[in-house]
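# Summary of the model geometry
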Amino acid sequence: MTTYHVKLKGLTVGYGNRPLIRDISIDIRRGEILTLIGPNGSGKSTILKSIIGQLRLLAGSVLIAERDGAETMIDTAEMSGPERSRKMAAVLTKRPQTELMTCHDVVAMGRYPYTGRLGVLSREDEERVEDAIRIVNASDIGYRNFNEISDGQKQRVLLARALCQEPEVLILDEPTSYLDLRHKLDLLEILKEMSRDHHLTVIMSLHEIDLAQKVSDHVMAVKGETIYGYGRPADIFREDLIRDLYDLNNGTYDPLFGSVELPAVSGDPEVFVLSSGGSGIPVFRRLQQTGVPFAAGILYKNDIDYPLAKKLASQVISEKPFREIGEDAYRKAERLIRNCRCVIDAGFAREKMNRRMSDLAALADDLGILEKRRSD
C-alpha cells in the first residue's frame, strides 16, 4: 500500500463564494516535487494559497500525514496556526513588509513557530537560521538591510526563511521570477537536494516550462474550471497538450529540447542545409531569425537535427533510420538544391550510409552555390 504525504481531496478553490477551479484530487508522496504550470490567470496562485489556508476552501480538504511513514492523515483545517506552520511553509509572490530588518532578521522569522510567545531564539534556533542562510548561498548579505537588496537576493532570503521553518511541505509561487539564470538553477538544485536528501515535499508554480520539465516529479496543468492535465513530465510535456494549454498559435513547443519555437518562415526554400548530428541546429535558428525560408536534408528521422528541422524548415527531406539514403530522397533534395540560391554545408558524417549527402555537396559546389558554415 502506497503511503502518501499530502492529499488534495476534492478541492474547489476560488474567491469569496465564486468557484474558479473544481474537483482537484491529487496524492503526493513524501519528497516529491509537484509543479503547477499554465497561462497567467489560470488559478495556479489560487490553488497554492488555498492549500496553505490563506484562502478559504469552497469544498474539499487538504490532508497531510500525521508523521513520516504514517498512514493517518490530518486535515490541515483542524490544525492550529503554529501546528500548520511546523508542517508547511510558503514563499508567495507578495513581499513581506519589513522596516529596518536585516536579512538575518527576516530568515529568523521562520523560527517563530518554535519559540513560544516571547519569540526569543535559542542557540539552536540561531544555528538553524545560519544553516538556512548558508544553504541558499546568502551568507554575504545576512546582515544587510532587507529593503536594500535586489529582488533576486530577496527571493533567496525568503526561501531561507521558509527552510528555517523546517517544514515537511514547502509551497512556492513562481520562485524563479526575480532570479537570473544562474540563481534559477541554484534554487532548483537546492529544491532537488532538499526533496531527495531531506524528504521535503515541494508544491510550486513555474512559468519556465523548460525548467518545470526537468525538475518535477509530477506536473499539474491548470486551465479552465478543472485540472487540464496531471502526470509525470513525459505525460504532460507533449507538443499537443502544451499547445492547447497555452493556446499557442504563433509558434510550437518542442518536447525533445524543452523549448518553445517561433513559427517557420513560409515560402519556397531559398537555402538548403546539409547537416547531421546537431550541426544544423544553429544554422536552422539563424535562418529562421533572419526570415529566410530554407529546406533541410537529407535527415534520418532519428537524427537530433530532424525534430527542429520539422518545426523551422519550410521543407524537410528525410530517410528512414539505419538504411542507405534512397534514390527517391536524393532526387527530391537534388530538385530543391537546383532551385536554391545557396547550399550550406553545416557538417555531416561522411559514411557509407549517407554517401549521397557528399554527392549533394558536390552538386552544390559544381553549381557554385556551396557555402561552408562559418564559426560565427
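Residues numbered from 1 in each chain as written. Predicted model: local features only at pLDDT ≥ 70, side-chain atom pairs only at ≥ 80, totals over all residues. Heavy atoms only, no water.

### With respect to the overall build of the protein chain
The criterion, for reference: Note on conventions: DSSP H or I runs of at least 4 residues are helices, E runs of at least 2 residues are strands, and numbering of each starts at the N terminus. It is over C-alpha atoms that the radius of gyration is taken, and the globule rule equals 2.2 Å times the number of residues to the power 0.38. Each residue is placed in one exposure class: buried if its accessible area under a 1.4 Å probe, protein chains only, is under 20% of its type's maximum, exposed if it is over 50%, and partly exposed if it falls in between. Two residues qualify as a contact provided that any one of their heavy atoms is within 4.5 Å of a heavy atom in the partner residue.
On a plain count of helices and strands, the protein chain comes out with 14 helices and 17 strands. Radius of gyration (C-alpha) of the protein chain: 27 Å, far over the 21 Å computed for a compact globule of 376 residues. In terms of its C-alpha atoms, the protein chain occupies a principal-axis envelope of roughly 85 × 45 × 35 Å. By the burial criterion, 50% of the 376 residues in the protein chain qualify as buried. Of the contacts made within the protein chain by residues no fewer than 6 positions apart, 66% connect residues no fewer than 24 positions apart.

### Digging into the environment of Tyr246
Considering the arrangement of structural elements, one finds Tyr246 in the loop between α10 (239-245) and β11 (252-254). Those residues in contact with Tyr246, other than ones at most four positions away along the chain, are Ile37, Gly38, Pro39 and Ile209.

### Things to note about the sheet that holds strand β3 (residues 33-37)
Heads up, the condition is: Whether two strands pair depends on DSSP finding at least two bridges between them. Fitted lines through C-alpha atoms serve as axes, helices being fitted only where they are in contact, and the angles separating the N-to-C directions of these axes extend from 0 to 180 degrees.
Taken together, the six strands give an open sheet; going across it, the order is β6-β7-β8-β3-β9-β10, and neighbouring strands pair in mixed fashion. Two strands in the sheet have a free side with no partner beyond their single neighbour: β6 (88-91) and β10 (226-231). Direction aside, the axes of adjacent strands within the sheet are offset by 15° on average.

### Observations regarding the environment of Gln315
In this structure, Gln315 sits in strand β15 (residues 315-319). Dropping the residues within four chain positions of it, Gln315 is found in contact with Pro269, Phe294, Ala295, Ala296 and Leu336.

### Comments concerning empty space enclosed by the protein
For clarity, the threshold we go by: Cavities and pockets were defined on a 1 Å grid built over protein atoms only: a cavity is a set of grid points that admits a 1.4 Å probe from which the probe cannot escape, a pocket is an open set flanked by protein on both sides within 12 Å along at least five of seven lines, and lining residues are those with an atom within 4 Å of any such point. Grid points are joined across faces, edges and corners, and a volume is the space filled by probe spheres set on the points. Gly is put with the polar residues, along with every residue not named as nonpolar or charged; the nonpolar set is Ala, Val, Leu, Ile, Met, Phe, Trp, Tyr, Cys and Pro, and the charged set is Asp, Glu, Lys and Arg.
Under the criterion given, the structure shown has two cavities of 30 Å³ or more. The space that makes up the largest cavity amounts to roughly 40 Å³. The wall of the largest cavity is formed by Val136, Arg156, Leu159, His183, Asp186, Leu187 and Ile190. Mapped onto the lining of the largest cavity, the elements with two or more residues apiece are α6 (151-164) and α7 (181-197). Per-element tally for the lining of the largest cavity: the top contributor is α7, with four residues. Among the residues forming the lining of the largest cavity, the class breakdown is four nonpolar, one polar and two charged. Looking at the second largest cavity, its volume works out to about 30 Å³. Cys103, Val107, Ile133, Val136, Ala138, Gly142, Arg156, Val157 and Ala160 together form the lining of the second largest cavity.

### Observations concerning the packing of aromatic side chains
The description of an aromatic ring pair uses the distance of the two centres, along with the angle that the planes make with each other. Threshold: Whether two aromatic rings pair depends on their centres lying within 6.5 Å, for rings of Phe, Tyr and Trp, where Trp uses its six-membered ring; planes under 30 degrees apart make the pair stacked, over 60 edge-to-face, and the rest tilted. Only lysine NZ and arginine CZ atoms are considered, and such an atom sits over a ring when it is within 6 Å of the ring centre and within 35 degrees of the ring normal.
Evaluated as defined, the whole model comprises two aromatic pairs. Taking the centre distance of 6.3 Å and the plane angle of 40° together, the rings of Phe237 and Tyr253 count as tilted. Of this pair, Phe237 sits in the loop between α9 (233-236) and α10 while Tyr253 is found in strand β11, placing the two residues 16 residues apart along the sequence. Here Phe237 and Tyr253 have matching classes, each one buried. Judged by centre distance (5.5 Å) and plane angle (15°), the rings of Phe284 and Phe294 are stacked. Of this pair, Phe284 sits in helix α11 (residues 281-289) while Phe294 sits in strand β14 (residues 294-300), and the two are 10 residues apart along the sequence. Of the two residues examined, Phe284 and Phe294, each falls in the buried class. Over the aromatic face of Tyr114 sits the side chain of Arg111, whose NZ or CZ is 4.2 Å from the ring centroid.

### Concerning the sheet that holds strand β13 (residues 271-275)
As summarised here, the arrangement of the five strands in space is β15-β14-β13-β16-β17, forming an open sheet in which the pairing is parallel. Whereas interior strands pair on both sides, the edge strands pair on one side only; in this sheet they are β15 and β17 (370-372). Within the sheet, the average angular offset between the axes of one strand and its neighbour, ignoring direction, is 20°. Pairing of β14 with β15, which is carried by four bridges, proceeds in the parallel orientation. Pairing of Leu299 across the sheet is with Ser318, part of β15. Against the sheet, helix α12 (residues 305-312) makes contact with β13, β14 and β15, and its axis sits at roughly 155° relative to β14, the strand it touches most. Packed onto the sheet, helix α14 (residues 355-366) meets β13, β14, β16 (342-347) and β17 and runs at close to 145° relative to β13.

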